[in-house]
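# What the coordinates show
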Amino acid sequence: MQADQPAVEINSLTFKHNTLFTAPPEDYYEFPGLRDVNFSLPRGSVTLLIGGNGAGKSTLLYILAGKRMIQEGEVKAFGRDVFRSFADNVVYLGTEWAMRAGVRGDIVVSDFLDSVGGYRFKERRDRLLDILDINLDWHMHAISDGERRRVQLCMGLMGNWDILLLDEVTVDLDVLTRFSLLKFLKQEANERKATIIYATHIFEGIDDFPTHIAHMRDGTFVTNPTSWPIPNSNSKSLHAIALEWIGNDRKTRDREEKEGKRKKVRGARFQITPTDSETFYRKYDYGRQTNHYT
């Protein structure tokens, strides 16, 4: 790969989730995923994705990992199309892995790591075992979700990856393990010029971690990846900026709903819930001898 070549390059990316709903008033609804996304990231950058739930962060990371086909646009990692010639030096770590039945069986952690090539990366594996405080004698079915998450991180990070996509995978970690992990990742970016894109809702104590931050809302970038710290930000912390950005997103959504520019959707899509409190509680008062399914 060329030294000046972007690690990640996205041009005119648009993606829609085609979802079928049986409830009125519509039978078919195209839920927007991403809209006209354009950006590039240099090697060695650490980018933090900031946005509320449903902003499109997970969808973007899934696409970058080559796990979801796109309808429009171009997505490249080191100049290679992630769908046609996917590079094996791209690692994606998401929350769904720890929920799979296959990783909850009665298998010893040492055997589990060796089954995915841990013996080939013994030095890095052992370093990660220390950082993540993993016991090789643990049994996968008998450990907590946080401990299982540590095993996942060790498994994903022990190879020499060049691009790392993290989707909320630090949520189960205690504060010390998370601090140690982020310190390791920052070192990887500085020393090996590895590139990291990290979506999280935990912003305390990570002001020194990213080189770039980006703001996503409704499947688009309000702020494309921008060097951190942001000039003229009055020395605000990441937590303060995230709170401000996501708070503004909520205000924008509420205003657009009032103006009729977007559907007001809460909970189950298109479900009509009574707004009058007396009517609401009467409908869901299961002590009454009425048929609540009519």
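Above this text you will find the structure in question.
All of the points below concern the structure found in this document. Owing to the predicted nature of the structure, the values given are computational and were not obtained by experimental measurement.

Criteria and cut-off values
Residue positions within a chain follow its written sequence, with the count starting from 1. Local features in this predicted model are restricted to residues of pLDDT 70 or higher, and side-chain atom pairs are both shown and tallied only at a pLDDT of 80 or more, whereas totals for entire chains, interfaces and linings draw on every residue. As a rule here, side-chain values cover all heavy atoms of the structure and leave hydrogens and water aside. Two strands qualify as a pair provided DSSP detects at least 2 bridges between them. For helices the rule is a DSSP run of H or I covering at least 4 residues; for strands it is a run of E covering at least 2, with both sets numbered from the N terminus onward. Every angle, taken between N-to-C directions, lies between 0 and 180 degrees, and every axis is a line fitted to C-alpha atoms, over only the stretch in contact when it is a helix. In this description, contact between two residues means that some pair of their heavy atoms is separated by no more than 4.5 Å. We define a salt bridge as a contact between a side-chain nitrogen of Lys or Arg and a carboxyl oxygen of Asp or Glu at a distance within 4 Å. Burial classification: accessible surface area is computed with a 1.4 Å probe over protein chains only, and a residue below 20% of its type maximum counts as buried, one above 50% as exposed, and the rest as partly exposed. Consider the strands pointing away from the viewer: the crossover is right-handed when the path from the first strand over the helix to the second runs clockwise. What qualifies as a polar contact is a pair of N or O atoms within 3.5 Å, subject to a donor-acceptor requirement within protein and to the restriction that residues adjacent in sequence count only when both atoms come from side chains. Buried and open spaces are told apart on a 1 Å grid over the protein atoms alone, a cavity being a set of points where a 1.4 Å probe fits but cannot get out and a pocket being an open set with protein on both sides within 12 Å along at least five of seven lines. Residues with an atom within 4 Å of a point are the lining residues. Grid points are joined across faces, edges and corners, and a volume is the space filled by probe spheres set on the points. Classes in brief: Ala, Val, Leu, Ile, Met, Phe, Trp, Tyr, Cys and Pro nonpolar; Asp, Glu, Lys and Arg charged; the others, Gly included, polar. In this scheme, a helix's expected span is set at 1.5 Å multiplied by one less than its residue total.

With that out of the way, let us pick up the sheet that holds strand β9 (residues 212-217). Overall, mixed pairing links the six strands, which are arranged β6-β7-β8-β3-β9-β10 in an open sheet. Edge strands, defined here as strands with exactly one partner in the open sheet, are β6 (90-93) and β10 (220-227). Each strand of the sheet is rotated relative to its neighbour by a mean of 15°, with strand direction disregarded. Where strand β3 (residues 46-50) meets β9, four bridges bridge the pair, whose relative direction is parallel. Its bridge partner being in β9, I50 is matched across the sheet by H215. On the sheet, helix α1 (residues 57-64) packs against β3, β6, β7 (163-167), β8 (195-199), β9 and β10 and is oriented at approximately 150° with respect to β7.

Using the criterion set out here, one finds 17 salt bridges in the structure. Between K76 and E74 there is a salt bridge whose closest N-O contact spans 3.5 Å. The salt bridge involving E257 is made with R253; its shortest N-O contact spans 4.0 Å. Highlighted residues: E257 and R253, both in helix α6 (residues 238-258), separated by four residues, approximately one helical turn. For E257, a relative accessible area of 14% translates into the label buried. On the accessibility criterion, R253 (24% relative accessible area) is partly exposed. Within this structure, D114, K122, R125 and D126 form a network of salt bridges that share partners.

In terms of burial, β7 is a largely internal element, five of the five residues being buried. Of the two faces of β7, the one holding I163, L165 and D167 and the one holding L164 and L166 are both buried throughout. With four bridges joining them, β6 and β7 adopt parallel strand pairing. The residue bridging L93 from the neighbouring strand is L166, located in β7. Where β7 lies against β8, five bridges are found, and the strand directions are parallel. Across the sheet, residue L165 finds its bridge partner in β8, namely I197. With helix α5 (residues 175-192) bridging β7 and its parallel neighbour β8, the resulting β-α-β unit is right-handed.

On to the side chain of H212. Checked against the element boundaries, H212 lands in strand β9. Only 2.7 Å separates the side chain of H212 from the side chain of T211, close enough to count as a polar contact. Ignoring sequence-local partners within four residues, the contact set of H212 consists of P42, S45, V46, T47, L48, P225, T226, S227 and W228.

Here we come to the layout of surface pockets. Of the voids in this model, the second largest pocket is the one considered here, and its volume is about 460 Å³. Lining the second largest pocket we find 23 residues, and of these V90, V91, Y92, M155 and G156 sit closest to its centre. When the residues that make up the lining of the second largest pocket are grouped by side-chain class, the tally is twelve nonpolar, six polar and five charged.

Moving on to α5. Here α5 spans 25 Å end to end across 18 residues, near enough to the 26 Å set by a 1.5 Å rise per residue. Listed in full, the buried residues belonging to α5 are T177, R178, L181, L182, F184, L185, K186, E188 and A189. At its buried positions, α5 is contacted by β3, α3 (122-131), α4 (145-157), β7 and β8. At the N-terminal boundary of α5, the capping side chain belongs to D174, with an oxygen 3.1 Å from the backbone nitrogen of L176.

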